[in-house]
Amino acid sequence: MIGCVDRSPWIVHYNCNSCNGCDIELLACLTPLYDLERFGVLHVGNPKHADILVVTGSVNHRNARVLKNVYDQMPGPRMVVAMGACGSTGGIFADCYNVLGGVEKVIPVDVWIPGCPPKPEAIIDGMVRAVQLWKANPAFQPQGGAARMSLIRRPPASAARPVTPAAAAQPTQNEEADPDGRQSS
Amino acid sequence: MMTNMTQVVIALVAVLLAPAVGALLQGIDRIVNARMQSRVGPPLLQPVYDVMKLLGKEVVMLNRTQILYAWLHLFFLMLATALVVLGQDMIMILLVLAVSTIALILGGMCVRSPYSRIGSQREIMQMLSYEPILVMLVIGIFLTNGSFMARDITLAGKPLLLTLPLIFFAFLLVTAIKLKKSPFDLATSHHGHQEIVKGITIEYAGPYLAVLEIAHWYETALVFLVLAAFWATNWKIGILIAIISYGIEILFDNLCARLTYQWMLSHMWTVGLGLSVTNLIWLYWK
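Positions within a chain are numbered from 1, following the residues in the order the chain's sequence is written. Chains carry letters and ligands carry numbers; both start at the beginning, A for chains and 1 for ligands, and go up in the order they are written. In keeping with the predicted nature of the model, local features appear solely for residues at pLDDT of at least 70, side-chain atom pairs appear and are counted solely at 80 or more, and the whole-chain, interface and lining totals rest on all residues.

## Points about the sheet that holds strand E5 (residues 79-83) of chain A
Residues and elements named next belong to chain A.
Then step 1. Two strands qualify as a pair provided that DSSP identifies no fewer than 2 bridges between them. Helix and strand definitions follow DSSP, with helices as H or I runs of at least four residues and strands as E runs of at least two, each counted in order from the N terminus. Spatial ordering of the open sheet is given by E2-E1-E3-E5-E7, a layout of five strands whose pairing is parallel. Looking at which strands have only one partner, the edges of the open sheet turn out to be strand E2 (42-43) and strand E7 (111-113).
Then step 2. Bridging between strand E1 (residues 10-15) and E2 involves two bridges; their strand directions are parallel. Residue Trp 10 lies in a different strand from E2, and its bridge partner there is Leu 42.

## Topic: the packing of helix H4 (residues 90-109) of chain B against helix H5 (residues 114-145) of chain B
All names here are of chain B.
Then step 1. At their nearest, the axes of H4 and H5 sit 9 Å apart, and the two run at 175 degrees to each other. Considering their axes alone, H4 and H5 lie roughly antiparallel with respect to each other. Across the interface between the two elements, Met 90, Ile 91, Leu 94, Ala 98, Thr 101, Leu 104, Ile 105, Gly 108 and Met 109 from H4 touch Ser 116, Arg 117, Gly 119, Ser 120, Glu 123, Ile 124, Met 127, Glu 131, Leu 134, Val 135, Val 138 and Ile 141 from H5.
Then step 2. Side-chain classes follow a simple rule in which Ala, Val, Leu, Ile, Met, Phe, Trp, Tyr, Cys and Pro form the nonpolar group, Asp, Glu, Lys and Arg form the charged group, and the remainder, Gly included, forms the polar group. By residue class, the composition of the contact of H4 with H5 is 13 nonpolar, five polar and three charged. Whenever a helix is involved, its axis is fitted only over the stretch in contact; in every case the axis is a line through C-alpha atoms, and angles between N-to-C directions fall within 0 to 180 degrees. Note on terminology: angles under 35 degrees are roughly parallel, angles over 145 are roughly antiparallel, angles of 65 to 115 are roughly perpendicular, and the others are oblique. In this description, a residue-residue contact is defined by the distance between C-beta atoms placed from the backbone, which must lie within 7 Å.

## Structural notes on the pairing of strand E3 (residues 52-56) of chain A
Residue and element names in this part refer to chain A.
Then step 1. Exposure is read from a count of other C-beta atoms within 10 Å of each residue's own; the residue is exposed at 12 or fewer, buried at 20 or more and partly exposed in between. C-beta atoms are placed from the backbone. Among the five residues that make up E3, five are buried, leaving the element largely enclosed by the rest of the structure.
Then step 2. Alternating positions in E3 separate into two faces, Ile 52, Val 54 and Thr 56 on one and Leu 53 and Val 55 on the other, with burial throughout.
Then step 3. Here E1 pairs with E3 via five bridges, running parallel. In the sheet register, Tyr 14 faces E3, and the bridge partner there is Val 55.
Then step 4. Bridge count between E3 and E5: five bridges; the pairing is parallel.

## Quick look at unusual backbone geometry
Then step 1. Residue A:Pro117 is bonded to the preceding A:Cys116 through a cis peptide linkage, with omega at -10 degrees.
Then step 2. Tracing the backbone through its elements, the reader meets A:Pro117 in the loop between E7 and helix H4 (120-136).
Then step 3. In the Ramachandran plot, A:Asp35 falls in the positive-phi region, its phi being about 50 degrees despite a non-glycine side chain.
Then step 4. With respect to the element layout, A:Asp35 can be found in the loop between helix H1 (21-28) and E2.
Then step 5. Of the residues examined, A:Asp35 has 19 C-beta atoms within 10 Å and is grouped as partly exposed.
Then step 6. Of note, the phi angle at B:Lys180 is positive, near 60 degrees, even though the residue is not glycine.

## Considerations on the confidence of the model for chain A
Then step 1. Chain-level statistics for chain A give a pLDDT mean of 74 and a share of 71% at 70 or above.
Then step 2. Per-residue confidence from the predictor is reported as pLDDT, which spans 0 to 100. Here residues 141-185 of chain A is a poorly scored stretch, pLDDT under 50, and it has 48 contacts once near neighbours within four places are set aside; other chains count.

## Here's the deal with helix H2 (residues 46-55) of chain B
Residue and element names in this part refer to chain B.
Then step 1. H2 sits mainly inside the fold: seven of its ten residues count as buried.
Then step 2. Within H2, burial applies to Gln 46, Pro 47, Val 48, Asp 50, Val 51, Lys 53 and Leu 54.
Then step 3. Tucked inside the fold, the buried residues of H2 contact helix H1 (4-36) and helix H8 (207-228).

Next up, the structure:
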């Protein structure tokens, strides 16, 4: 079953705070010239159907919660791709008072695609690497057995994913503590 | 007369073969679609890869009732396939197919997602649009053959297409709805994924989405079989007709935008039903 993962990665795309440059490039990859569908990639609008979450733009206090929610709705195994300079590090907006930084401040990121915006070849390469990582790492195998009735995700014990507890918990706390200013954390 | 044991074997083989046919048809469908848009397109077995991947994913559900409806949808489609292959009563087959669609609708209705409910309501509208035409088709076959049994489809000795030409065109519209093609792709927005975010299937994830995909393979195979049955006296010509009809559906899928359900309902009840009734009147007075 897991062998078919690299043949049909379905992506869902979330625009955090992007200038739309990356979004247009991502959509351009689905057009006849680049044709991501020949690798089985489908652009689904629904996190519950998706395998790869592509995030463009920098994360801020307002959309961190939404991004976490989209990520939580995806059934595992799942991959996160941070696309573009802003998605990777916050880009030129990194020092803004409302910006938290890259996507990895909120959810664990597996592949970073650099560029402003990234070249279509880089985007395709990023998708291919995401599914290769997924296939190579046994920690991404589904837990199986017990059905998850609630959509609130608790981190499974077996999944050894690089997430620092501070990064996961920080955004909402910041927002509640001080909605106007960015805290030095 | 076939013995019971042979009948069971035939039904089992059909139930196992139908999804394979449906998956292949959908694979070809996706490649032809891509070529029409001057793309390379996915590999032939892409629908199989998709389902294999979905089966391996984590189990996420909102409630158990929804999952039961997904299984019922699949089960009644399997039952309908078996009944068709065994040549049973066509009114019974229509009923079983309707129950299968109703299970899908209830599955979409039993969650609180608004998109799922919009999808279900549109599915009801689709059912309202195509069911009368299917009934007309069955009546037309009865007027030709004098029998409601699917096994007597060649009883009149001439192909159905010659006695039911107008109903065939009406059935092409039904085909577009059942294959989730534009301009009637309303309940799932199968190709335009963003419109109502896959509508009726929005809350199904992982293995349960795979169940619905496999059910759609059965649907595709059944529609193909009915199209081929319009020239049942010679199956080679029948399959050719089915392939051409499928090609026309793909062409229209690429030509048309999706339309509203009001448009679908009004046109199916005027054009589709008008064609069917005209055909029946002609058959009756002939």
